Amino acid sequence: MTSPAKFRKEKEIVAEYETQVKEIRAQLVEQLKCLDQQCELRVQLLQDLQDFFRKKAEIEVDYSRNLEKLAERFLTKTRSTKDHLLKKEHSILSPVNCWNLLLLQVKRESRDHATLSDLYLNNIIPRFAQISEDSGRLFKKSKEVGVQLQEDLMKVLNELYTVMKTYHMYNTDSINAESKLKDAEKQEEKQMGRSDRQTPRSPDTLASIKTDEKPVRRSSVKKIEKMKEKRQAKYTENKLKAIKARNEYLLALEATNSCVFKYYIHDLSDIIDCCDLGYHASLHRALRTYLSAEQNVETSKHSGMETLEGAAESLEANGDKQKLMETYNNVFCPPARFDFQSHMGDTMGVVCAQQPLEGELLQRCQQLQSRLSTLKIENEEVKKTMEATLSTIQDMVTVEDYDVSECFHHSNSMESVKSTFSESYLSKPSLAKRRANQQETEQFYFTKLKEFLEGRNLITKLEAKHDLIDKTMGESQKTDCCLASGRRNSAVRKQESGEAIPLMVESCIRFISRHGLQHEGIFRVSGSQVEVNDIKNAFERGEDPLAGDQNDHDMDSIAGVLKLYFRGLDHALFPKEVFHDLISCVSMESLHERAVHVKKVLKSLPSKTLIIMRYLFSFLNHLSQYSEDNMMDPYNLAICFGPTLMSVPEGNDQVSCQAHVNELIKTIIIHHDTIFPGPQDMQGAIYTVPGAGDDFCDSPHCEPPLVEEPAPDTVSVRHNSEDVVALTI
């Protein structure tokens, strides 16, 4: 039986898992609520647009009637005049001609506004009604897919819970079997000791006693030995079961983390795309119809129409998706990875590949590889079909049928005009067929989308298991190579520990720290490309064009040189290997907790990289303290440096991930002193704030060093052309 302390530990593990799953389930519910809210807002917006144009149509038709009455009143008065002289001079007098032209213009304007009213009622309002219907239908289907994906995700979490409980059960059985085996060994030792403690007796008496007790002791010893053998076999069996259960738990754990990450990074983005499918393009068409009508009525209203036209042109699904995910950042950020929960002192958090499990794992790895090859080919075919169908749908909803200029090509007839365009738009027999084809294509697309997402889910889970097994099987082979490589590179690392900050970085930061802390828009405003190239070329020649105390350089160009250096690195300053571990901290509300998480992740990076990071972010933090003057707070600096310092890996949504990257860089700028080790923990260059009076020192020998230089016997600072070569990290 397990002790109360161990039992409490097991309950704590289960409670912690259930708490994490409960938080994810709450997130899933909030995601659906968020999408429901977006759908309701969209429907309300479309309803308001319909009401607005219906009321505007009434105003336009009233205005048209009033203009018609006004024109007819004065035209009738002109036709009924008795002044024959005026009639004769009708074609001669310019004032009369202007008067007649003015009345004709009013009549034409009346017809134009009648056309506007007709377009609003019979063209634009039906368009918004169709958009509302299509949006509701697409949202319902998208929500069904989302609910299915959430159910699949919860199944994966439940499977993990089952595997974890199985692991706990077998591990408990193994511990109990080991305890019973130890008890049997103690009984055997006790029995052996009892036979040795027999007191000496007379020969005759001793012989009779031995004759009586010998069968008894032999039987007891054999019984204990037999019991010990059984318990030894039971312990070996239970121990093997426990190891297998732990392996299954670790594999399921890796697969679950991969599925959860894939759902938050890829699936949610795809579902939002499906909710927005055709909405922006259809709304774009409807607003373009309105714009075309208004622009043909009065060109003098062009200035007012430009704002709305810009809004129509800026309708873009990815932009809305990014805003949505930024607004509900805590809902759409991936949660923290599930960590291996050791059970009752079992701290081995890796897959065991020792005998007799090595052959089994190797066979399983080969089976997974074969299965993945087939699944990837099948899923790629489904993806191609899905993308072709999506292209067809986009062609259907992006037809440029919003130009109504032909409605305003009037004849000289004064009879009332009705829009032939609005009639043709709704009365074409092909309209019903076109809409039926669109809905049929949408249904086929969602079928393929669901098939693709389910296939990708399975591929993600199997790949996670395969990669973990493959990595485990290859660890032993790589150990010797890593040790040899470590010995070969030890001398190189000793040399690198003495390298200073690259000259281009140090010199640019020193110049900005002395002259540009209050420069408005630093790093946001582009400098002169010619000057940027000149300064960069000088650094590459081994020179320092920013040496001394001269301030005749453009500050934005200096900032551009610094960004250009980091943009030109062979690999981004933050390696792609730690990308997902770093952005997972964005879901944490506390900035301090984020900083602790980032510090833990960055510990694995080389000291050379950490020294440059520490130097750069210390400078950026100092620069942000002057944000009231330079308008560059930590978030604005993060927007400028985020894409340069951390590239988004391929296969991830660039828009949503970039927002997470910017939030991460902002956190590092604010808490750089917590994240990076101090000089006592890691030797290397340190950024220091220039003194108040040091900026105006005339002699170069009295310049305060911007970098703290360690003692000569530990680190030497060198500036040469090698410092400018692109940093390989």
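Only a predicted model underlies this, so the values are computations on that prediction, with no experimental measurement involved.

Asks: Explain helix 12 (residues 503-515) to me, and be specific about the residues and the numbers.
Replies: Residue pairs spaced three or four apart in an α-helix point in one direction, given the helix's 3.6 residues per turn. Taking 1.5 Å per residue, 13 residues should reach 18 Å; helix 12 reaches 18 Å between its end C-alpha atoms and fits that length. Here helix 12 lies mainly inside the structure; twelve of its 13 residues are buried. Turning to helix 12, its buried residues are Leu503, Met504, Val505, Glu506, Ser507, Cys508, Ile509, Arg510, Phe511, Ile512, Ser513 and Arg514. For helix 12, the elements touching its buried residues are helix 13 (529-540), helix 14 (555-567) and helix 17 (607-624).

Asks: How would you sum up the nonpolar core? Please name residues and give values.
Replies: Counting 64 residues, the largest nonpolar core has Phe523, Phe566, Phe574, Leu602 and Phe617 as its most contacted members. Every element with two or more residues in this core is listed here: helix 12, helix 13, helix 14, helix 15 (579-583), helix 16 (591-602), helix 17, helix 19 (634-645) and helix 20 (654-670). A total of ten residues in this core trace back to one element, the largest contributor, which is helix 17. Among all residues touching phenylalanine 617, those that are not within four sequence positions of it are Phe574, Leu645, Ile665, Ile668, Ile669, His672 and Phe676.

Asks: So, the pattern of salt bridges: which residues are in play, and what are the values?
Replies: Enumeration according to the criterion identifies 29 salt bridges in this entry. The shortest N-O distance in the salt bridge between arginine 435 and glutamate 133 comes to 3.8 Å. One end of the pair, arginine 435, is in helix 11 (residues 430-496); the other, glutamate 133, is in helix 3 (residues 94-196), and 302 residues separate them in sequence. Judged by relative accessible area, glutamate 133 falls into the partly exposed class, the value being 45%. Between aspartate 267 and lysine 262 there is a salt bridge, and its shortest N-O distance comes to 2.5 Å. With relative accessibility at 1%, the residue aspartate 267 sits in the buried group. Judged by its relative accessible area of 6%, lysine 262 is buried. Overlapping salt bridges, with partners in common, bring together Glu133, Asp134, Arg137, Arg435 and Glu442 in one network.

Asks: Describe the packing of helix 19 against helix 20, listing the residues and the values that go with them.
Replies: Contact geometry for helix 19 and helix 20: axes closest at 8 Å, N-to-C directions at 120°. Taken together, helix 19 and helix 20 sit at an angle that is classed as oblique. For the crossing formed where helix 19 meets helix 20, the hand is right-handed. Contacts from Pro634, Tyr635, Leu637, Ala638, Ile639, Gly642 and Pro643 in helix 19 reach Gln658, Val661, Asn662, Glu663, Ile665, Lys666, Ile669 and Ile670 in helix 20. Its residues assigned to classes, the contact of helix 19 with helix 20 comprises ten nonpolar, three polar and two charged.

Asks: Just give me the short version of helix 20, but keep the residues and values in it.
Replies: Taking 1.5 Å of rise per residue, the 17 residues of helix 20 would be expected to cover 24 Å, and the 24 Å separating its terminal C-alpha atoms lies within 8% of that figure. Counting buried positions along helix 20 yields 14 of 17 residues, so the element is predominantly enclosed.

Asks: Which residues make up the state of the cysteines, and what values go with them?
Replies: Within the structure shown, the criterion is met by zero disulfides. No disulfide involves cysteine 39; its sulfur sits 7.7 Å from that of cysteine 275, the nearest cysteine. Cysteine cysteine 275 remains unbridged, with the sulfur of cysteine 274 as its closest cysteine sulfur at 7.1 Å. A residue is classified by how much of its surface remains accessible, and cysteine 275, at 8% relative accessible area, is buried.

Asks: Summarise the side chain of threonine 256; cite the residues concerned and give the values.
Replies: Looking at the element boundaries, threonine 256 is found in helix 4 (residues 203-275). Relative accessible area serves as the criterion here: at 1%, threonine 256 is assigned to the buried category. Setting aside anything within four residues of it in sequence, one finds threonine 256 in contact with Val156, Leu157, Leu160 and Phe338.

Asks: Go over the environment of glycine 136, please, and point to the residues and values.
Replies: Structurally, glycine 136 can be placed in helix 3. With relative accessibility at 29%, the residue glycine 136 sits in the partly exposed group. Note: C-alpha distance between glycine 136 and cysteine 39 (97 residues apart in sequence) is 7.3 Å.

Asks: An account of empty space enclosed by the protein is requested, with residue identities and associated values reported.
Replies: Counted under the stated rule, the structure contains three cavities of 30 Å³ or more. Its volume calculated, the largest cavity comes out at about 70 Å³. Taken together, Ile131, Asp134, Ser135, Leu138, Leu277, Gly278, Tyr279, Ser282, Ile393, Val397, Gln438 and Glu442 make up the lining of the largest cavity. Secondary-structure elements contributing two or more residues to the lining of the largest cavity are helix 3, helix 5 (279-297), helix 9 (358-397) and helix 11. When residues in the lining of the largest cavity are grouped by element, the largest group, four residues, is from helix 3. No fewer than three residues from each of domain 1 (10-84 + 92-192 + 221-290) and domain 2 (353-397 + 431-477) sit in the lining of the largest cavity.

Asks: Account for the layout of surface pockets, with residues named and values stated.
Replies: Here the largest pocket defines a volume of roughly 1900 Å³. Glu254, Asn257, Ser258, Arg337 and Asp581 are, among the 49 residues lining the largest pocket, the residues nearest its centre. Those elements that place two or more of their residues in the lining of the largest pocket are helix 4, helix 11, helix 15 and helix 16. For the lining of the largest pocket, the per-class residue count stands at 21 nonpolar, 13 polar and 15 charged. As a volume, the second largest pocket reaches approximately 830 Å³.

Asks: I'd like to hear about unusual backbone geometry, residue by residue, with values.
Replies: What you tend to see is this: most non-glycine residues have negative phi, and most peptide bonds are trans. One non-glycine residue, phenylalanine 523, lies in positive phi territory at about 75°. Take phenylalanine 523: it is sitting in the loop between helix 12 and helix 13. Owing to a relative accessible area of 1%, phenylalanine 523 belongs among the buried residues under this scheme. Of note, methionine 631 is a non-glycine position whose phi angle comes to about 60°, a positive value. As for its position among the elements, methionine 631 is in the loop between helix 18 (627-630) and helix 19. The exposure class assigned to methionine 631 is partly exposed, which follows from its relative accessible area of 43%.

Asks: I'd love a proper account of the packing of helix 17 against helix 19, names of residues and values included.
Replies: It is at 10 Å that the axes of helix 17 and helix 19 come closest, and there the two elements cross at 150°. One element, helix 17, and the other, helix 19, form an angle in the roughly antiparallel class. Relative to helix 19, the crossing made by helix 17 is right-handed. When helix 17 is examined against helix 19, the residues Leu616, Phe617, Leu620, Leu623 and Ser624 are found in contact with a partner set consisting of Pro634, Leu637, Phe641 and Leu645. Taken together, the residues of the contact of helix 17 with helix 19 break down into eight nonpolar, one polar and no charged.

Asks: Provide a residue-level description of the confidence of the model for the protein chain, including the pertinent values.
Replies: When pLDDT is averaged along the protein chain, the result is 79; 78% of the residues meet or exceed 70. Confidence scores differ between elements of the protein chain, with helix 2 (residues 84-88) showing the lowest mean pLDDT of 47 and helix 17 the highest of 94. Segment residues 479-498: pLDDT under 50, and five contacts once partners within four positions in sequence are set aside and those in other chains are kept. Confidence drops under a pLDDT of 50 for residues 692-729, and excluding neighbours within four residues, the segment shows 68 contacts in the predicted structure.

Rules used in this analysis
- Residues numbered from 1 in each chain as written.
- Predicted model: local features only at pLDDT ≥ 70, side-chain atom pairs only at ≥ 80, totals over all residues.
- Heavy atoms only, no water.
- Helix = DSSP H or I, 4+ residues; strand = E, 2+ residues; numbered from the N terminus.
- Expected span 1.5 Å × (residues − 1).
- Buried < 20%, exposed > 50% of the residue type's maximum accessible area, 1.4 Å probe, protein only.
- Contact = heavy atoms within 4.5 Å.
- Core = buried A, V, L, I, M, F, W, Y, C linked by side-chain atoms within 4.5 Å.
- Salt bridge = Lys/Arg side-chain N within 4 Å of Asp/Glu carboxyl O.
- Axes fitted to C-alpha atoms, helices over the stretch in contact; angles between N-to-C directions.
- Parallel < 35°, antiparallel > 145°, perpendicular 65-115°, else oblique.
- Left-handed = near helix turned anticlockwise from the far one by under 90°.
- Nonpolar A, V, L, I, M, F, W, Y, C, P; charged D, E, K, R; others polar.
- Disulfide = S-S within 2.5 Å.
- 1 Å grid on protein atoms, 1.4 Å probe; cavity = no way out; pocket = protein on both sides within 12 Å on 5 of 7 lines; lining within 4 Å.
- Points joined across faces, edges and corners; volume = space filled by probe spheres on them.
- Domains from an automatic or database assignment.
- pLDDT = per-residue confidence, 0-100.

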